[in-house]
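Spelled out, the chains give:
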Amino acid sequence: MSGKIISLTQAAALVQDGDLLALGGNALTRIPAAFVRELARQRRENLCLVKTAGAYDVDLLCAAGAVAQTQTGYVGFENLFGLAPSYRRGVEEGRVQAVEHACSTVIAGLRASAYGLPSQPVAGLEGSDVAAHTGFRQVKDPYTGEPVYMVPGIRPKFAVLHVAYADAEGNARIEGGAFEDVLMSRAAESVILTAEHIEETAFFVEKPDRTAIPAFMVQAVVHAPGGARPGGCHPFYDIDEDAVGAYLDSASSAESLQTHLDSWVERDHAGSAAASGSVA
Amino acid sequence: MSVALREGVSEEVRATADRMAVFLSRFIRDGELVFHGVASPLPMAAIVMARNTHAPNLTYLNIPGGVDPKPPYLPGSTVARQLMEGALSYFTLTEIFDLSARGKLDLAFLGGAQIDARGDMNLSFIGDPAAPKVRLPGGAGSAHILPTAGRTVLWRTAHDARSFPERCDFVTASGNVEAVVTPLCIFEKADGRLRVNSIHQGVTPDALRAATGFDLGDLEHTPATPEPTPAERTALEAADPEGIRLREFV
């Protein structure tokens, strides 16, 4: 049963300062929250984050001083809590470089890597300042002569994905919206999974078409029940707005952020502790 | 939560939220493929409402990927898992962008922190983009959707001169904008410029001018926006009994 299962501590330690990480999920849904809290506890620095729409995950890592650059289409707490305060402050104070993307250009950059190509043509962007600001170049299609924007490939070191079910080898099933997780797994050099439930391999044999992430792409699996909290994870739990609000109250200072991180330690490591018996 | 929401807002704000949801829904034509994105409670309510009124054959697309979901209730996050519930098929955001690029997405609703006289919108930076005074969330899919969707309708819940300038500080997205719905009026884009199509009941032309940062021209013959009908109010309440649409105002 042990296979690729390691502890949350060990999995976060696979990430080096300066790595480019693709974070799975979207806004406050199925985010790798336990994993990013552990990155903050381990005081990782100069991370680059890629995601179409981030919220708690991107903001918390900005609050922890762990982020040098973001490549995102949106970072915010929607109408629940509005702007992402630590992300905003990091960018406004020049500590975080926000590479301005549309969600579609994040996808295009990931597609380039997934397709084994250096760059990817993308539709849209006409009339927008985003292309000029970010430096997306326009070329002429060699067949029709039509102008088309090209997005450079985005190749994350790791895609960090929180899934409903995984086995010890890294076969994974997502329930509900998969967002860009599957694409991220193909674009990244490697995949780290955190999973609500660790299942026997027979569970996946039953419906192989539901296995969104095949084991051969995966480097590590962490058993992390509740690992998307305070975000939601279908079909197990919904967004915990009170807990998101508590985070936002705590993100204003290093001391209160540490208190927030401490308050989650036991829950974040519960799955690792339970698994360590079988691993040893 | 819904009780607290309702108690926390004034009758005036409730009326504005109801108007804006109803006015957004009127832009949906029966049979259309309609999309809303992240942070979009008003369009979510408008789409679900329109399905039960004048557009029963619309197809509802969203970021979680549920096609025509029947959410048990409208979630506060408009990318939450409820938008997969009751759906018959699954169509991802990536596929929605591709659909729009192929010219097959009929209508999308998009918000803007600034919306300017040309109907361009900004969700990126206030001030100098190189050293921004305010870093906004980013435009999500808007730079892709505005130029590629058949029609887009923008909305903003605050109508003031800073939000509606002659020119945005940064153009996040530009394109096929049909209309802009605000708490004070409905703009339509014609010949590359926003013009006031109708002014909401109780709003004077002078008040609208004072709240807008670009020239509105002659408003003497501008009609009043028809108020939500009893049928529309009933349908909206049925679509969003929890009052999630109010979250854009609190």
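Here, every reference points to the structure presented above.
Residues numbered from 1 in each chain as written. Chains lettered and ligands numbered in written order. Predicted model: local features only at pLDDT ≥ 70, side-chain atom pairs only at ≥ 80, totals over all residues. Heavy atoms only, no water.

## Some points on the pairing of strand β9 (residues 158–166) of chain A
All names here are of chain A. Counting buried residues along β9, 9 of its 9 residues qualify, which places the element largely inside the surrounding structure. Sheet analysis places strand β1 (residues 20–23) next to β9, joined by 3 bridges and oriented parallel. Bridge pairing links L21 to F158 in β9. Where β9 meets strand β11 (residues 190–198), 8 bridges bridge the pair, whose relative direction is parallel. By the bridge assignment for β11, F158 is matched with S190. Looking at chain direction, β9 and strand β10 (residues 172–173) are connected through 2 bridges and run antiparallel. Residue pairing for β10: A166 is matched across the bridge by A172. Turn length for the β9-β10 hairpin, with the two strands adjacent in sequence and antiparallel, is 5 residues, and the turn residue G170 shows positive phi of about 110 degrees. (Buried < 20%, exposed > 50% of the residue type's maximum accessible area, 1.4 Å probe, protein only. Helix = DSSP H or I, 4+ residues; strand = E, 2+ residues; numbered from the N terminus. Pairing = 2+ DSSP bridges.)

## Notes on the environment of A112 of chain A
Residues and elements named next belong to chain A. Tracing the chain through its elements places A112 in helix α6 (residues 103–114). Each C-alpha atom, one on A112 and one on F236, is 34 Å from the other, the two residues being 124 residues apart in sequence. In this structure, A112 is in contact with L117, P118, S119, Q120 and G153, ignoring residues within four places of it in sequence. (Contact = heavy atoms within 4.5 Å.)

## Looking at the side chain of T78 of chain B
Relative to the helices and strands, T78 of chain B is located in the loop between β3 (66–67) and β4 (89–90). Side-chain polar atoms of T78 of chain B contact the backbone oxygen of G37 of chain B, separated by 2.8 Å. Within the structure, the side chain of T78 of chain B is placed 3.1 Å from the backbone nitrogen of S40 of chain B, a separation counted as a polar contact. Sequence-distant contacts of T78 of chain B, defined by excluding residues within four places in its chain, comprise E78 of chain A together with H36, G37, V38, A39, S40, P41, M44, P64 and L83 of chain B. (Polar contact = N/O pair within 3.5 Å; in protein donor to acceptor, adjacent residues only side chain to side chain.)

## Describing the layout of surface pockets
Volume-wise, the largest pocket comes out at about 970 Å³. In terms of lining, the largest pocket is formed by 45 residues, of which the most central are G112, A113, L123, P137 and R156 of chain B. Residue assignment for the lining of the largest pocket shows that the elements contributing at least two residues are β3 (67–77), α4 (78–81) and β4 (82–83) of chain A together with α4 (93–101), β5 (107–111) and α5 (142–148) of chain B. Classifying every residue of the lining of the largest pocket gives 23 nonpolar, 14 polar and 8 charged. When its volume is computed, the second largest pocket comes out at roughly 210 Å³. (1 Å grid on protein atoms, 1.4 Å probe; cavity = no way out; pocket = protein on both sides within 12 Å on 5 of 7 lines; lining within 4 Å. Points joined across faces, edges and corners; volume = space filled by probe spheres on them. Nonpolar A, V, L, I, M, F, W, Y, C, P; charged D, E, K, R; others polar.)

## A word on the pattern of salt bridges
Counting across every chain of the model gives 24 salt bridges over all chains. When the shortest N-O distance is used, the salt bridge between K157 of chain A and D19 of chain A registers 3.4 Å. Linking K157 of chain A in the loop between β8 (147–152) and β9 with D19 of chain A in the loop between α1 (8–13) and β1, this pair joins segments that are 138 residues apart in sequence. The partly exposed category is assigned to K157 of chain A, whose relative accessible area is 27%. Residue D19 of chain A is classed as buried on the basis of its relative accessible area, which comes to 9%. Here R151 of chain B ties to E32 of chain B by a salt bridge, and the two come within 2.4 Å at their closest N and O atoms. Residue R151 of chain B is located in strand β10 (residues 151–155), and its partner E32 of chain B is located in the loop between α2 (11–25) and β1 (33–36); the two are separated by 119 residues in the primary sequence. Like R151 of chain B, the residue E32 of chain B is buried in the burial classification. Beyond isolated ion pairs, a larger network of salt bridges with shared partners links R37, E38, R41 and D268 of chain A. (Salt bridge = Lys/Arg side-chain N within 4 Å of Asp/Glu carboxyl O.)

## Observations concerning empty space enclosed by the protein
Per the counting criterion, the structure on display carries 1 cavity of 30 Å³ or more. In this structure, the largest cavity encloses a volume near 50 Å³. Together, T29, R30, E175, G176, G177, F179, C233 and H234 of chain A together with P64, V79, A80 and R81 of chain B line the largest cavity. In terms of residue class, the lining of the largest cavity is made up of 5 nonpolar, 4 polar and 3 charged.

## With respect to the interface of chain A and chain B
By a frequent convention, interface size equals the accessible area lost on bringing the separate parts together. Contacts between the two partners involve 43 residues from chain A, matched on the other side by 46 residues from chain B. When chain A packs against chain B, close to 3600 Å² is buried across both sides, 55% of that on carbon and sulfur atoms. Between the two partners, chain A and chain B, sit 4 salt bridges. Between R111 of chain A and D98 of chain B there is a salt bridge whose closest N-O contact spans 2.6 Å. Where chain A touches chain B, the interface holds 22 residue pairs in polar contact (both at pLDDT 80 or more). For the side of chain A that touches chain B, the secondary structure elements donating two or more residues are β3, α4, α5 (85–92), β5 (97–100), α6 and α7 (130–134) of chain A. Per-class residue counts for the side of chain A that touches chain B are 21 nonpolar, 12 polar and 10 charged. (Buried area = accessible area lost by both parts, 1.4 Å probe.)

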